[in-house]
Amino acid sequence: MALTISQASCADDYDPNSMPVAKAREFIQAFLTPIAGTARVPIRSALGRVVAEDIISPVNVPAHRNSAMDGWALRFADLDAAAESNLVEVGACFAGKPFNGTVGAKQCVRIFTGGVVPSECDTVIMQERASANGKSITVAAGAKHGQNVREAGEDLVAGAVALAKGRIVRAAELGLIASLGISEIAVVRPLRVAFFSTGDELVSIGSPLAAGEIFDSNRYTLFGMLHRMGIEAIDMGVVRDDPAILEAAFREAAGIADVVITSGGVSVGEADFVKTLLAKLGEVVFWKIAMKPGRPLAYGKIHNAHFFGLPGNPVSVMVTFYQFVRDALLTLQGVSPLPVQPLLKAVCTSPIKKATGRTEFQRGVLYVEEGVWKVRTTGQQGSGILKSMSDANCFIMLHDHVGNVDAGSTVDVQILEGIV
Ligand code: AMP
Ligand code: MG
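Let me sum up the structure you'll find in this document.

Attention now goes to the overall build of the protein. Looking only at helices and strands, the protein features eight helices and 26 strands. Expected size for 420 residues packed as a compact globule is a radius of gyration near 22 Å; at 30 Å, the protein overshoots this value by more than 25%. Along the longest, intermediate and shortest principal axes, the C-alpha atoms of the protein span 90 × 50 × 50 Å. For the protein, with 420 residues in total, the buried portion stands at 45%. Contacts in the protein between residues at least 24 apart in sequence constitute 72% of all its contacts with a sequence separation of at least 6. Carbon and sulfur atoms make up 54% of the accessible area of the protein, which amounts to about 19800 Å² in all. Of the charged side chains in the protein, 38 are positive and 42 negative; the average position of the first set lies 2 Å away from that of the second.

Evaluation of the coordinates by the stated rule reveals nine aromatic pairs. Aromatic side chains W287 and Y299 sit 6.4 Å apart centroid to centroid with 15° between the ring planes, which places their arrangement in the stacked category. Placement of the pair is W287 in strand β18 (residues 282-288) and Y299 in strand β20 (residues 296-302), with a sequence separation of 12 residues. Ring geometry for Y299 versus F308: centroids 5.2 Å apart, planes at 50°, classification tilted.

Spatially, β7-β4-β6-β5-β9-β8 is the arrangement adopted by the six strands of the open sheet, whose pairing is mixed. At either end of the open sheet lies a strand with only one pairing partner, and these are β7 (123-126) and β8 (130-133). Adjacent strand axes in the sheet meet at a mean angle of 40° when their direction is disregarded.

Moving on, we come to the coordination of the magnesium ion (ligand 2). In this structure, E270 (OE) and E270 (OE) serve as the protein donors to the magnesium ion (ligand 2), at separations of 2.6 to 2.8 Å. Turning to its location among the elements, E270 is positioned in the loop between β17 (259-263) and α6 (271-281).

Pairing within the open sheet is mixed, and its six strands lie in the order β16-β13-β17-β21-β20-β18. Each having just a single partner strand, β16 (232-239) and β18 make up the two edges of the open sheet. Neighbour-to-neighbour, the strand axes of the sheet open up by a mean angle of 15°, direction not taken into account. The pairing of strand β13 (residues 192-198) with β17 spans five bridges and is classified as parallel. Bridge pairing in β17 links F195 to I261. Packing of helix α7 (residues 314-332) onto the sheet brings it into contact with β13, β17, β20 and β21 (305-310), and relative to β21 it is tilted by some 170°.

Moving on: helix α3 (residues 171-179). Buried residues of α3: E173, L174 and I177, and no others. An end-on view of α3 places all buried positions within 105° of arc, on one side of the element. Exposed residues pointing more than 90 degrees away from the buried face of α3 are listed as A171 and A172. Looking at the buried side of α3, the elements it contacts are β2 (55-56), β11 (161-163) and β12 (184-188). Looking one or two places after α3, you find G181, whose phi comes out positive at around 80°.

Considering all chains together, one arrives at 18 salt bridges under this definition. Across the pair R25 and D327 runs a salt bridge, and its minimum N-O distance is 2.8 Å. Here R25 is found in helix α2 (residues 21-30), whereas its partner D327 is found in helix α7, with 302 residues between them in sequence. The class for R25 is partly exposed, based on a relative accessible area of 28%. The partner of D78 in a salt bridge is R75, with the nearest N and O atoms 3.2 Å apart. On the basis of relative accessible area, D78 is assigned to the buried category, the value being 10%. With relative accessibility at 24%, the residue R75 sits in the partly exposed group. Residues participating in the shared-partner salt-bridge network are R25, R326 and D327.

Looking now at the environment of A52. For A52, the location among the structural elements is in the loop between β1 (38-42) and β2. Exposure remark for A52: the relative accessible area of 10% places this residue in the buried category. Along the primary structure A52 and P293 are separated by 241 residues, whereas in three dimensions their C-alpha atoms are 36 Å apart.

As a structural note, the neighbourhood of ligand 1 is formed by 16 residues, with E201, D216, G265, S267 and E270 the closest of them. N313 places a polar main-chain atom, nitrogen or oxygen, 3.3 Å from an oxygen atom of ligand 1. Here ligand 1 has 480 Å² of accessible area as a free molecule, and 80% of this is covered by the chains. When the residues that make up the shell around ligand 1 are grouped by side-chain class, the tally is four nonpolar, nine polar and three charged.

The rules we used
Residues numbered from 1 in each chain as written. Chains lettered and ligands numbered in written order. Predicted model: local features only at pLDDT ≥ 70, side-chain atom pairs only at ≥ 80, totals over all residues. Heavy atoms only, no water. Helix = DSSP H or I, 4+ residues; strand = E, 2+ residues; numbered from the N terminus. Rg over C-alpha atoms; globule rule 2.2 N^0.38 Å. Buried < 20%, exposed > 50% of the residue type's maximum accessible area, 1.4 Å probe, protein only. Contact = heavy atoms within 4.5 Å. Areas by Shrake-Rupley, 256 points an atom, 1.4 Å probe, with all protein chains shown as cover. Lys, Arg positive; Asp, Glu negative; His and termini not counted. Charge placed at Lys NZ, Arg CZ, Asp CG, Glu CD. Phe/Tyr/Trp six-rings, centres within 6.5 Å; stacked < 30°, edge-to-face > 60°. Pairing = 2+ DSSP bridges. Axes fitted to C-alpha atoms, helices over the stretch in contact; angles between N-to-C directions. Donors = N, O, S within 2.8 Å, 3.2 Å for Na, K, Ca; no water. Arc of directions from axis to C-beta. Salt bridge = Lys/Arg side-chain N within 4 Å of Asp/Glu carboxyl O. Near = heavy atom within 4 Å. Polar contact = N/O pair within 3.5 Å; in protein donor to acceptor, adjacent residues only side chain to side chain. Nonpolar A, V, L, I, M, F, W, Y, C, P; charged D, E, K, R; others polar.

Next up, the structure:
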């Protein structure tokens, strides 16, 4: 039986009122199919994009057998294993300028890093292990057969997959593609994400605030995170808590984007009318995730678009984006394998009060003191305190089973740099 989204809320082995983080991530993953649509682009424009078709190496890399060192290329058989050997230098071989003579018995050629190793030679002696007196070269004992020779095709054999479909193009990949002489590749088209904020109290920057109103910050953090991921972000502004206006916004967003992200409106008290509305437009589940911050979260489909209803609190938006949305957006772009989010162990220097049964993402500052990785909290952890995210360079990730943390205990830390 196919999994339906509504099952995610009534899976009987889990209390729908308290969905564990890992379980919610699994459910979301089960509904994601990578988008179709590719474009051929010059490789510089591929930076940050996802490779759409395996890139096959048209050549051997390196193309020729070449030297890994400055020194002399020779035939190993000409060397005395136990004593110094004397050879005659018959030419030189620079990077890009091969030696075009023949290397005979007891002969060698001067060679520089990257220089093509003559076909008669099998070994390169680094210059520190030899001495020259004019053209007479003395090689120290103890050389090894094949030393300092890089074989043709050692990095990549012609016909092999140089870069598989699903890989993100970063600096190393750009260089790798260029090393194959390839100037254009197929990449996955940018994912389109439409987002808006909900709430009658919200005002966009540029307009004055009336009593009780606040500036909308979530659209800016979302814009930042989406842009850092190379996603086409469509900002739909602030939408009033009004069923008709909200319905129109959801319909429009789902019509123009692959993914719709909203913030606010999913907490208890607000969720009811949004629930009714979304039930009409698609299939959406409302979870209470066993986590802090970020407890309320809605996920589902509105027409063909994936939908993430993030909580309204500014810190919760970022935490839920990092824990649920990021990987989903990568998967939709066909990224495979998903980049791991490393967890580091660090000594927590702040005592932390924590209830078991939920995962907490405390904002922390990771630092090194006398060679030991340590972390402290940023202080006040309210989910409305966005400065705690700005001051933080990591989350102190306290798992479900963890209770109060004493100063000096070891905790898991998730580094924010590079997550998006
Ligand atoms: P909600 O989830 O809509 O109940 O909102 C929770 C809290 O987050 C409330 O204090 C809201 O005022 C605040 N909030 C909601 N949306 C935003 C936003 N876009 N920017 C800043 N604060 C917000
Ligand atoms: Mg609200």
